[in-house]
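Residue-level listing of the chains:
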Amino acid sequence: MAPLGTHPSDELSGRQASRSAGGAQARQEGIDTVLFDQMEESVSVFRCDGTYLYLNAATERMFGKSREEVLGRCVWDVYPGVEGGAFHRAFIQVRETGAGLEYEHLYEPWGRWYRQRIYRSGDRLYVFSRETTEEHLRADAFLLHARILENMTEGVSLTNESGVIVYTNPAEDQIFGYGSGELLGQHVSVQNAAPPEESRRFVEEVIDRLRREGSWEGEIENRRKDGTAFTTAARISALHIGGKPHWLCVQKDITEQKRADAERAESYEFTERLYEQTRLAEQRATFLALASEVLASSLDREEILRSLTRLAVPTLGDWCAVDEATSDGKVRRVSAVHLQPERLAQGEAFHARYPILLDDAGGIGKVLRMGTTEYVLDLSDELLERTIPDPEMRRATRELGIKSLISVPLRSRGRTLAALTLCYADSGRRYTEADVRLAEDLARRAATSLDNGLLYKEAQDAVRARDSFLSIASHELNTPLTSLSLNVQALHRAFQKAATGADGLAQETVGVKLHAVQRQISRLAKLIHELLDVSRITSGKLRLEPEEVELTTLARELVPRFADDLTRAECELRLSAPESAVVGHWDRLRVEQILQNLLSNAIKYGHGLPIELELTADAQWARVVVRDQGIGISAEDQARLFQRFERLASERHYSGFGLGLWIVRQILDAMGGRIHVRSEPGKGSVFTVELPRRPPGSPPPAGS
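Just so it is clear, the model here is predicted, and its values are computed rather than measured.

(A) Summary view of the overall build of the protein. The secondary structure content of the protein amounts to 22 helices and 22 strands. Within the protein, the fraction of its 704 residues that count as buried is 41%. Within the protein, residue pairs in contact and separated by at least 24 positions form 56% of the contacts whose partners lie at least 6 positions apart. When the accessible surface of the protein is split by element, carbon and sulfur atoms take 53% of a total near 38000 Å².

(B) Structural detail: the pairing of strand β15 (residues 415-424). Of all 10 residues in β15, 8 are buried; the element is thus mostly enclosed. Sheet topology places strand β11 (residues 319-325) next to β15; 5 bridges connect them, and they run antiparallel. Each bridged residue has a counterpart across the sheet, and for Trp319 the counterpart in β15 is Cys423. Bridging between strand β14 (residues 404-412) and β15 involves 9 bridges; their strand directions are antiparallel. Note on β15: the bridge partner recorded for Ser407 is Thr421.

(C) Here's a closer look at the sheet that holds β14. Sheet architecture is open: 5 strands sit in the order β12-β11-β15-β14-β13, paired in antiparallel fashion. The open sheet has two edge strands, β12 (331-338) and β13 (374-376), and neither has a second partner. Taking each pair of neighbouring strands and ignoring which way they run, the sheet shows an average axis angle of 15°. Sheet contacts for helix α13 (residues 363-370): β11, β12, β13, β14 and β15; angle to β15, the most-contacted strand, approximately 150°.

(D) Fine view of empty space enclosed by the protein. Taken as a whole and assessed by the stated rule, the structure comprises 2 cavities of 30 Å³ or more. Estimates place the volume of the largest cavity at around 210 Å³. Lining the largest cavity are 18 residues, and of these Val188, Val203, Val206, Ile236 and Cys249 sit closest to its centre. Here the lining of the largest cavity gets 5 residues from one element, more than from any other, and that element is helix α9 (residues 196-213).

(E) The arrangement of the pattern of salt bridges in detail. Per the counting criterion, the structure on display carries 42 salt bridges. A salt bridge links Arg115 to Glu102; the shortest N-O distance between them is 3.7 Å. Taken together, the residues Arg115 in strand β4 (residues 112-121) and Glu102 in strand β3 (residues 101-107) connect sequence positions 13 residues apart. For Glu135, the salt bridge is made with Arg130, and the minimal N-O distance between the two is 2.6 Å. Salt bridges linked by common partners bring Asp208, Arg209, Arg212 and Glu213 together as one network.

(F) Representation of the sheet that holds strand β2 (residues 52-55) in the model. Spatial ordering of the open sheet is given by β2-β1-β5-β4-β3, a layout of 5 strands whose pairing is antiparallel. Of all strands in the sheet, those bounded by a partner on one side alone are β2 and β3. Between one strand axis and the next, the sheet turns through 25° on average, direction left out of account. Of the strand pairs in this sheet, β3 and β4 are connected by 7 bridges, and their pairing is antiparallel. Within β4, the residue paired with His105 across the bridge is Tyr114.

(G) View of the packing of helix α18 (residues 551-558) against helix α20 (residues 588-605). Where α18 contacts α20, the two axes come as close as 11 Å, and the packing angle between them is 50°. Between α18 and α20, the interaxial angle falls into the category oblique. Judged by the twist between their axes, the crossing of α18 over α20 is right-handed. In contact with Leu551, Leu554, Ala555 and Leu558 of α18, α20 contributes Arg588, Val591, Glu592, Leu595, Gln596 and Leu599. Looking at the contact of α18 with α20 residue by residue, the class counts come to 7 nonpolar, 1 polar and 2 charged.

(H) Region of interest: the confidence of the model for the protein. Of the residues in the protein, 77% reach a pLDDT of 70 or more, and the chain-wide mean stands at 80. Across residues 1-15 the pLDDT falls below 50, and counting only partners more than four positions away or on other chains, this stretch makes 5 contacts in the model. Below a pLDDT of 50 lies the segment residues 650-655, which in the model reaches 11 contacts outside its immediate sequence neighbourhood of four places, other chains included.

(I) Local environment of the environment of Ser404. Checked against the element boundaries, Ser404 lands in strand β14. Along the chain, Ser404 and Tyr424 lie 20 residues apart, while their C-alpha atoms are 5.2 Å from each other. Discounting chain neighbours no more than four positions away, the residues touching Ser404 are Val376, Leu377, Leu422, Cys423, Tyr424, Arg429, Arg430 and Tyr431. Within the structure, the side chain of Ser404 is placed 2.8 Å from the backbone oxygen of Leu377, a separation counted as a polar contact. Only 3.2 Å separates the side chain of Ser404 from the backbone nitrogen of Tyr431, close enough to count as a polar contact.

(J) Structural view of the pairing of strand β20 (residues 621-628). By the criterion of burial, β20 is predominantly enclosed, with 6 of the 8 residues buried. Hairpin connection, strand β19 (residues 611-617) to β20: the antiparallel pair is bridged by 3 residues. Direction of pairing for β20 relative to strand β22 (residues 685-692): antiparallel, over a ladder of 8 bridges. Paired with Arg623 across the strands is Glu690, a residue of β22.

(K) Spotlight on the nonpolar core. Core analysis: the biggest nonpolar cluster contains 41 residues, and Leu551 and Leu613 have the highest contact counts within it. Other than its neighbours up to four places away in sequence, Leu551 contacts Val582, Trp586, Val591, Leu615, Ala622 and Val624. With 32 residues, the next largest nonpolar core counts Leu288, Ala312, Leu422 and Val436 among its residues.

(L) Expanded view of the side chain of Thr51. Mapped onto the elements of the fold, Thr51 is located in the loop between β1 (42-47) and β2. Separated by 2.9 Å, the side chains of Thr51 and Asp49 make a polar contact. In contact with Thr51, other than residues within four places in its own chain, are Val45, Phe46, Gly72, Arg73 and Cys74.

Scoring rules and cut-offs
- Per chain, residue numbering runs from 1 following the sequence as it is written.
- pLDDT decides what is reported in this predicted model: residues at 70 or higher carry local features, side-chain atom pairs at 80 or more are listed and counted, and totals for whole chains, interfaces and linings draw on all residues regardless.
- Excluding hydrogens and water, the side-chain values take into account all heavy atoms of the structure.
- Under the DSSP-based scheme used, a helix requires at least four consecutive residues in state H or I and a strand at least two consecutive residues in state E, with every element numbered from the N terminus.
- A 1.4 Å probe rolled over the protein chains alone gives each residue an accessible area, and that area as a share of the maximum for its type sets the label: buried under 20%, exposed over 50%, partly exposed in between.
- In this description, contact between two residues means that some pair of their heavy atoms is separated by no more than 4.5 Å.
- Residue exposure ignores everything except the shown protein chains as possible cover, and the areas themselves are Shrake-Rupley values with a 1.4 Å probe.
- Any two strands between which DSSP finds at least two bridges are classified as paired.
- To obtain an axis, a line is fitted to C-alpha atoms, over the contacting stretch when the element is a helix, and the angle between two such axes runs from 0 to 180 degrees between their N-to-C directions.
- With a 1 Å grid spanning the protein atoms alone, the term cavity applies to any set of points in which a 1.4 Å probe fits but cannot get out, the term pocket to an open set with protein on both sides within 12 Å along at least five of seven lines, and the term lining residue to any residue with an atom within 4 Å of a point.
- Grid points are joined across faces, edges and corners, and a volume is the space filled by probe spheres set on the points.
- The salt bridge criterion pairs a side-chain nitrogen of Lys or Arg with a carboxyl oxygen of Asp or Glu, the two atoms within 4 Å.
- If an angle is under 35 degrees, it is roughly parallel; if it is over 145, roughly antiparallel; if it lies from 65 to 115, roughly perpendicular; otherwise it is oblique.
- Crossings are sorted by hand: turned counterclockwise from the far helix by less than a right angle, the near helix makes the crossing left-handed, and turned clockwise it makes it right-handed.
- For this classification, Asp, Glu, Lys and Arg are treated as charged, while Ala, Val, Leu, Ile, Met, Phe, Trp, Tyr, Cys and Pro are nonpolar and the rest, including Gly, are polar.
- Per residue, pLDDT measures the predictor's confidence, with a range of 0 to 100.
- N or O atoms within 3.5 Å of each other form a polar contact, as long as, within protein, one can give a hydrogen and the other can take it, and as long as residues adjacent in sequence are counted only when both atoms are side-chain atoms.
- Buried Ala, Val, Leu, Ile, Met, Phe, Trp, Tyr and Cys residues that are joined via side-chain atoms within 4.5 Å together make up what is termed a nonpolar core.

Have a look at this one:
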């Protein structure tokens, strides 16, 4: 929908302009996009570092990201779940070896299969992608059918619409005396004992009847590979595979009539099973489609999980529950459903008496802990005896009436979000491997919905953080500007007085006001410098210019700059440094910035109390310790102390963007250093910075 006040055609033109701009950018990089833009296959072009240079429209559709969202960004940032996976490894291999690679892999966060080809040309990598999920689903179904067919005693063959054999099971090969695969590609008439023309005419009549009626049954005179004639009773059915008709023929040797009768009954039973499996597959596909629609209708975590349990009963079980691990290491039941309210109350009473534990050796606790599926085909008394040593708990478990159960994890981006447990109880049914796969598929879809809700919440939090930052920035920048304005006005009045002869008083006023103006300008410069550092760090443009630096001298030169701040805060700064020089290979300005931020924080939060700056060193590290006796920091706040725009104290009493400690951490990471904090509310804080005195492999610095 177009924004208010914008004509839809303007929005369309904007999209086209954006797409044209993306194409222009690709052409500037020397990429010929004309062919790629017309391809149905996904095409992406990257720099060797994984940065997007180009993607065609098929890629946008396949992976749900527009060109505007990804061009110029690294693929590992756009799709965090990709890094470390099959695509990442293949990308690195082609980049390092230059040899093209084709492979197929499952992208687990989405539960989708892709076949990809990667080529390198110069400093670019070309990735061609095609989704093969549906092929895998069809392959799984075909594998199930093939396993059934390969274990049958009657011969089974599958021919295409023209009568060419495309599949035979081992029994078919054995009956006709052929080796495995020898009949494939031959016309079905090769199996008939009649002359070739008559045989082909018979086949055409059968196929014509199959088209009209869908099946054919009767006796066929056949011949084996060695020429031996024999008779089979055959049942041929019409199947539609890939949108095209195929003919499934089940036949048996009826030389011995009794054996023929038994095999005919077995063949009929097999066909019925095949039809039943097809019907069940259709039901499950319909159920999963409905589940996807219901789960996608909300972004609220609790509502999604409640919808999940309501969906499962009675289609997938008599009983369904969802549990999650809490931050304190316990297990919380989020939702449970049973058709009989008294059973639900019985289950609640059971878990109140025997709570689920994360360290349980099996069951829901293990599923939440390990992220693996638990499947019990038959919860027999023997199994209860082996797994539950407490007789009273065994008795209570039997009273629940559970006969079979499945517990599957809801996993997304490598995390187990919850566990879905399905039980058959009063209905007396039992779960199968197919039910396990269905439950896992449902869990994957639910996990995706949960993850979407989490991402939405994170986006909302980011918007709130942005709004909060803008409010803080407006306040912080406006405060010195207001002070500057007032001081400039005072200076103007002082000059007017000086013009009238009150020179002494005017000069004194000018001096004070100029000092205040200089202080506010310095404050503005510091705030703007912090914002510039954020831009440099987030864009990867933070540059270091290392040189030989003597830390004690640097600290002694820095301390006098805080004289005014210390006086206003009524704080005393004590510097403790070793007699010998502390020399390291560092960026002088960045080390100075670290000290300034730590001392500024100590002065800000330690008003009226002493502050200690201590320097120590050994052969490997130089250490800077800043101690204050101020308000201190709680343990839960320490976890987010070094995040961007985090202000742990009231905005009304303590100024700043909340960037200082984040910038300190980023600088130290770039220099190979580290920072630690030790603090308690009301007892002050101790910040310890450790700087490596020299890069790895370099000789010790002078004075070490």
